[in-house]
Amino acid sequence: MAKMIEENGPSSHIGMQGELSSSSRGRQKLESLLNKNMRIRMTDGRTLVGLFLCTDRDCNVILGSAQEFLKSSDSFSQGEPRVLGLAMIPGHHVVSIEVESDSLADTQGFGSSH
Amino acid sequence: MVMKSSVEDDDAGWGLGVPEKMRNNANWVDITHDFKGACKELNLGELLHDKLFGLFEAMSAIEMMDPKMDAGMIGNQVNRKVLNFEQAVKDGAIRVRDLSLPELTGIMDTCFCCLITWLEGHSLAQTVFTCLYVHNPDLIEDPALKAFALGILKVCDIAREKVNKAAVFEEEDFQAMTYGFKMANNVTDLRVTGMLKDVEDELQRRVKSTRSRQGEQRDPEVEMEHQQCLALFSRIKFTRLLLTALIAFTKKETSSVSEAQKLMQQAADLLPALHSSVQQGIQSQNDTTKGDHPIMMGFEPLVNQRLLPPTFPRYAKIIKREEMVNYFGKLIERIKTVCEVINTTNMHGILDFFCEFSEQSPCVLSRSLLQTTFLIDNKKVFGIQPMQDMIKDALRYFVSPPVLSSKCCLYNNHQAKDYIDSFVTHCSRPFCSLIQIHGHNRARQRDKLGHILEEFATLQDEAEKVDAALHSLLMKLEPQRQHLACLGTWILYHNLRIMIQYLLSGFELELYSMHEYYYIYWYLSEFLYAWLMSTLSRADSSQMAEERLLEEQQKGRSSKKTKKKKKSLGARPLSREITMSQAYQNMCAGMYKTMIALDMDGKVRKPQFELDSEQVRYEHRFAPFNSVVTPPPVHYIQFKEMSDLKKYSPPPQSADLYMAASKHFQQAKLILENIPTPDPEVNRILKVAKPNIVVMKLLAGGHKKETKVLPEFDFSAHKYFPVVKIL
């Protein structure tokens, strides 16, 4: 986490300059998802739901107001989420990422291939 | 998956207004592939984020799947279902009736261990509430276990209330959160003790009926039952006594404190029985599926894992059963000591009591009980005496100020009365704080002592003004008497005590490096103890002046009472304290000279001062003293001038200094050995002084002068003064 931040520095604004390279389309896609509700499944089976706030090249994702749901097989504790607040999910622990379908309406490119 | 929309108070405020957007059966679309692809296009180290979300916010995110931050991880990694009480009962995983005696004994012992672990600073959720039975005692059908569960809850509740009220804890001492659990609030204290007593009586009958009779062939099964009943009986009775003692502390009468003391003694008498039967209860099995936690029927270490805040100490190590009885023994001793405080009436005595008690580093419960026993509801001492009266008594005892003497005309002068009453009222809060500070843990005390000096500086100022006003009033009424520096002396005395304690506690807390010792000991010996001794002797002469006056007045009335005169030749009230201060001063002076001499011989390792200097450290060490006016702080430059050895001719060599140090230790030894009734503290100092006399003489004679091995300072005999060891 700390490493990611140190490296960030001034380069964080590059994405916002809107360079017209091929890579800027990916950036635009990601930017259009900012502050959208996102559901991320982790390698240990838990699911986090929260606002997409930040990501980087390694797909580390920060969710705001995150809530933790246990794996669906756990019949007892299912349903009651645990409030986590601000949470960072390391990229290598991200299994799947989902967004709400209507939040895709105003974003470009995402989901169209599905 | 059902989504529960709840409004959280996220401090960063991210996602306000989200909950209404989160609704059931939202249509989720998988974008994993696209998302990961898009991420690849970002540069190394580049963060894609909203304008409003920056590095600062990112810093406070918890990292998932990091065992240090992610409390939810553990619960998710065990291969079993974590059941709550109702589920466990339904599943038949635990029973609420037909429990065998060894099962009950085992559950109770584990519960005791959890209770102790909680008292040592862990959260209730990770200790007592890992026991499923206390989640809802109403569901328990076994009468012994039900009464016990309620008893434990009541003990926790009262302990929590006491600790909260006393407010002498910090996060490292105590976790007061109850996580929404009910602390048996629907049942009265009396009902619970009654239930425990009923179970106890029933068990006692069984114990008696299975007792061996003379000449009878012993049936091993009956003997076994006898032992098991006895084990359970002792545990139930112990719980009842502990609870009743705590209830006694909540009462306002002083008599209830001695009542609590008796109950604690009875509880102590049960400890051997508890100890001998620890093996009788069912033992926990170690199973890797529960992580490091042992498996025990009725306990689920992870049941509250999801109640914990996102970042929390993950693991509370529950103490072992073998240590349980030992801990209870010590706890009982501490609570019994606390009860003794009501036998001390003088404020200085009480202050000493608090200091001494704190020196054993007692637990937060006993510390809190001491506080709440001393000041009941923050109004009156022991619930009977107003703090102001106690302060006046302390003043009379210490300096006998004319204004508080019934033989002085000021005593009934309403203006003088106003002065002294308002002064005493102003004193009451700082002195209450001072006593409260001694209830905190040792490390926090030091910090708080540094801060309270500011309040005492204000009092000092007021004391001097009141002294001056009273003096000018007295000059008009009784020109032969004086009222000079009476109140001021008393406040100064406390100022100095606080300062000395502040510096000394740095040794106990191991804050100082070896190269700093010399200026700390210098400050103590040359400055603070010198001031303390002159303050004490001024108070002493003030007392004597007052006594002389009283005698003269009495002589005027009856010349027969000359016998009483001899009394003044006996021990003065402050003489012991003066003697002790002399001993401490000599110990400090001895240490100071030792350190200087060791430094001359190159036997003190000094740091490479790069970013700081000795001056920076010195000023930091004595920084809290800057708020004090009397005595004025000694600044680094002054210290360097005052301690400069070049002002002597010829300047002393290390051998001279070792010799001088040896003499100081010798002097301290002489003083201490002449104390008629030596207390443990006297013996502790002697244990340091004696070997140091010898070591310093050896060093003065050039012993191991060439060795470059650094000396060792052994603080095991005394917290503040080390035995110097040359290797």
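Residues numbered from 1 in each chain as written. Chains lettered and ligands numbered in written order. Predicted model: local features only at pLDDT ≥ 70, side-chain atom pairs only at ≥ 80, totals over all residues. Heavy atoms only, no water.

Attention now moves to the overall build of chain A. Each helix and strand counted, chain A has three helices and five strands in total. Mapped in sequence order, the helices and strands of chain A form the string α-α-α-β-β-β-β-β. Each of the 114 residues in chain A was classed as buried or not, and the buried ones make up 59%. A separation threshold of at least 6 residues defines the contact pool for chain A, and within that pool the share at least 24 residues apart is 44%. (Helix = DSSP H or I, 4+ residues; strand = E, 2+ residues; numbered from the N terminus. Buried < 20%, exposed > 50% of the residue type's maximum accessible area, 1.4 Å probe, protein only. Contact = heavy atoms within 4.5 Å.)

All right, on to the overall build of chain B then. Looking only at helices and strands, one finds 22 helices and ten strands in chain B. Every one of the 727 residues in chain B was classed for burial, and the buried ones make up 53%. Accessible surface computed for chain B: about 34,200 Å², of which carbon and sulfur atoms make up 53%. Side chains of chain B carry 90 positive and 90 negative charges; the gap between the two charge centres is 7 Å. (Areas by Shrake-Rupley, 256 points an atom, 1.4 Å probe, with all protein chains shown as cover. Lys, Arg positive; Asp, Glu negative; His and termini not counted. Charge placed at Lys NZ, Arg CZ, Asp CG, Glu CD.)

We now examine the environment of D540 of chain B. Residue and element names in this part refer to chain B. The topology assignment puts D540 in helix α17 (residues 517-557). Separated by 103 residues in the primary sequence, D540 and S643 have C-alpha atoms spaced 30 Å apart. In this structure, D540 is in contact with R572 and L574, ignoring residues within four places of it in sequence. Reaching out from D540, the side chain makes a polar contact with the side chain of R572 at a distance of 3.0 Å. (Polar contact = N/O pair within 3.5 Å; in protein donor to acceptor, adjacent residues only side chain to side chain.)

Residues and elements named next belong to chain B. Along the chain, T630 connects to P631 via a cis peptide bond; the corresponding omega equals -5°. Its place among the elements puts P631 in the loop between α19 (614-621) and α20 (636-642). Look at the link from S649 to P650: it is a cis peptide, with omega at -5°. With respect to the secondary-structure elements, P650 resides in the loop between α20 and α21 (654-673). At D98, a position not held by glycine, the phi torsion is positive, near 55°.

This next bit is on the side chain of R481 of chain B. All names here are of chain B. Within the secondary structure, R481 sits in the loop between α15 (442-477) and α16 (486-508). On the accessibility criterion, R481 (2% relative accessible area) is buried. A distance of 2.5 Å separates a polar atom in the side chain of R481 from a polar atom in the side chain of E546. For R481, the contacting residues outside a window of four places in its chain are P402, K407, C408, L474, M475, E546 and L549.

Residues and elements named next belong to chain B. Taking 1.5 Å per residue as the helical rise, helix α22 (residues 680-700) with its 21 residues ought to reach 30 Å, and the 31 Å between its terminal C-alpha atoms agrees with that figure. Taken residue by residue, α22 has E681, V682, I685, L686, V688, A689, N692, I693, V695, M696, L699 and A700 as its buried positions. Against the buried residues of α22 lie α18 (575-600), α21 and β10 (723-725). Looking at the residues trailing α22, positive phi occurs at G702, about 90°. (Expected span 1.5 Å × (residues − 1).)

Further remarks concern the nonpolar core. Within the largest apolar cluster, 211 residues are counted, with the highest numbers of intra-cluster contacts made by Y133, F431 and L524 of chain B. Those residues in contact with L524 of chain B that sit more than four places away from it in its chain are I500, L503, L504, F507, Y529, A530 and C588 of chain B. One finds L34 and I40 of chain A together with I31 and M65 of chain B within the second-largest nonpolar core, a separate group that totals 29 residues. (Core = buried A, V, L, I, M, F, W, Y, C linked by side-chain atoms within 4.5 Å.)

Below, the discussion takes up the packing of aromatic side chains. All names here are of chain B. All told, the structure shown has 41 aromatic pairs over all chains when counted by the stated rule. Relative to F181, the ring of F129 has its centre 3.9 Å away and its plane inclined at 10°; by these criteria the two rings are stacked. With F129 in the loop between α5 (101-119) and α6 (143-166) and F181 in the loop between α6 and α7 (189-209), this residue pair connects regions lying 52 residues apart in the sequence. The exposure class of F129 is buried, given its relative accessible area of 0%. Aromatic side chains Y618 and Y636 sit 5.2 Å apart centroid to centroid with 65° between the ring planes, which places their arrangement in the edge-to-face category. Placement of the pair is Y618 in helix α19 and Y636 in helix α20, with a sequence separation of 18 residues. Judged by relative accessible area, Y618 falls into the buried class, the value being 1%. Clustering of aromatic rings is evident, with ring pairs tying together Y502, Y518, Y519, W522, Y523, F527, W531, Y618, F622, F625, Y636 and F639. Positioned above the aromatic ring of Y327 is the side chain of R334, whose terminal nitrogen or guanidinium carbon lies 5.5 Å from the ring centre. Here the basic side chain of R446 rests over the ring of Y502, its NZ or CZ set 4.0 Å away from the ring centre. (Phe/Tyr/Trp six-rings, centres within 6.5 Å; stacked < 30°, edge-to-face > 60°. Lys NZ or Arg CZ within 6 Å of the ring centre and 35° of its normal.)

A few words on the packing of helix α9 (residues 255-276) of chain B against helix α10 (residues 321-340) of chain B. Residues and elements named next belong to chain B. Interaxial distance between α9 and α10 falls to 9 Å at its minimum, and their mutual angle equals 165°. Relative to α10, the element α9 lies roughly antiparallel. Crossing angle aside, the handedness with which α9 passes α10 is left-handed. Contacts between α9 and α10 involve V257, A260, Q261, M264, Q265, A267, A268, L271, L274 and H275 from the first element and V325, F328, G329, I332, I335, K336, C339 and E340 from the second. Grouping the constituent residues of the contact of α9 with α10 by class yields twelve nonpolar, four polar and two charged. (Axes fitted to C-alpha atoms, helices over the stretch in contact; angles between N-to-C directions. Parallel < 35°, antiparallel > 145°, perpendicular 65-115°, else oblique. Left-handed = near helix turned anticlockwise from the far one by under 90°. Nonpolar A, V, L, I, M, F, W, Y, C, P; charged D, E, K, R; others polar.)

Residues of chain A with pLDDT of at least 70 account for 63%, and the chain-wide mean is 74. Contacts from residues 73-77 of chain A, a stretch scored under 50 in pLDDT, to residues over four places away or in other chains number four contacts. (pLDDT = per-residue confidence, 0-100.)

Residues and elements named next belong to chain B. All told, the structure shown has seven cavities of 30 Å³ or more when counted by the stated rule. In this structure, the second largest cavity occupies an estimated 60 Å³ of space. Together, H135, N136, P137, D138, L150, L153, K182, A184 and N186 line the second largest cavity. The residue inventory of the lining of the second largest cavity, partitioned by class, reads four nonpolar, three polar and two charged. (1 Å grid on protein atoms, 1.4 Å probe; cavity = no way out; pocket = protein on both sides within 12 Å on 5 of 7 lines; lining within 4 Å. Points joined across faces, edges and corners; volume = space filled by probe spheres on them.)

Attention now goes to the side chain of T535 of chain B. Within the secondary structure, T535 of chain B is located in helix α17. Beyond its immediate chain neighbours, meaning those up to four positions away, T535 of chain B contacts T489, L492, Y493 and L496 of chain B.

We now examine the confidence of the model for chain B. All names here are of chain B. This prediction gives chain B a mean pLDDT of 87; 91% of its residues lie at or above 70. Long-range and interchain partners of residues 1-24, a stretch whose pLDDT sits below 50, account for 41 contacts in this model, where long-range means more than four residues apart. Model confidence for the complex is summarised by a pTM of 0.81, with the ipTM given as 0.77.

Since the α-helix advances by 3.6 residues per turn, residues separated by three or four positions end up pointing in the same direction. Between its first and last C-alpha atoms α15 of chain B spans 49 Å; for 36 residues at 1.5 Å apiece the expected length is 52 Å, and the two agree. Roughly 25° is the biggest bend found in α15 of chain B, and it falls at G450 of chain B. (Bend = angle between axes of the 7 residues up to and from the residue.)

Moving on, we come to the packing of α5 of chain B against helix α8 (residues 220-250) of chain B. All names here are of chain B. Packing of α5 against α8 leaves a shortest axis separation of 9 Å and a crossing angle of 30°. The handedness of the crossing between α5 and α8 comes out as left-handed. Judged by residue contacts, L101, P102, L104, T105, M108, D109, F112 and L115 of α5 engage E225, Q228, C229, A231, L232, R235, I236, F238, T239 and L242 from α8. Here the residues of the contact of α5 with α8 are counted per class, giving twelve nonpolar, three polar and three charged.

To summarise the sheet geometry, strands pair through backbone hydrogen bonds and adopt either a parallel or an antiparallel arrangement. Residue and element names in this part refer to chain B. The strand order across the open sheet built from three strands is β6-β7-β8, with neighbouring strands paired in antiparallel fashion. In the strand order of this sheet, the two ends are held by β6 (375-376) and β8 (385-386), each with one partner. Bridging between strand β7 (residues 380-381) and β8 involves two bridges; their strand directions are antiparallel. Following the sheet pairing, K380 is matched in β8 by P386. (Pairing = 2+ DSSP bridges.)

Right, let's get into the pattern of salt bridges. For the structure on display, the rule yields 42 salt bridges over all chains. Where D599 of chain B meets K606 of chain B, a salt bridge forms, and the shortest distance between an N and an O atom there is 3.3 Å. A relative accessible area of 40% places K606 of chain B in the partly exposed class. The partner of E673 of chain B in a salt bridge is K669 of chain B, and the shortest N-O contact between them spans 3.8 Å. You can see E673 of chain B and its partner K669 of chain B sitting in helix α21, four residues apart, about one turn around the helix. With a relative accessible area of 40%, E673 of chain B lands in the partly exposed category. Bridged by salt links that share partners, the residues D44, R46, E68 and R82 of chain A form one connected network. (Salt bridge = Lys/Arg side-chain N within 4 Å of Asp/Glu carboxyl O.)

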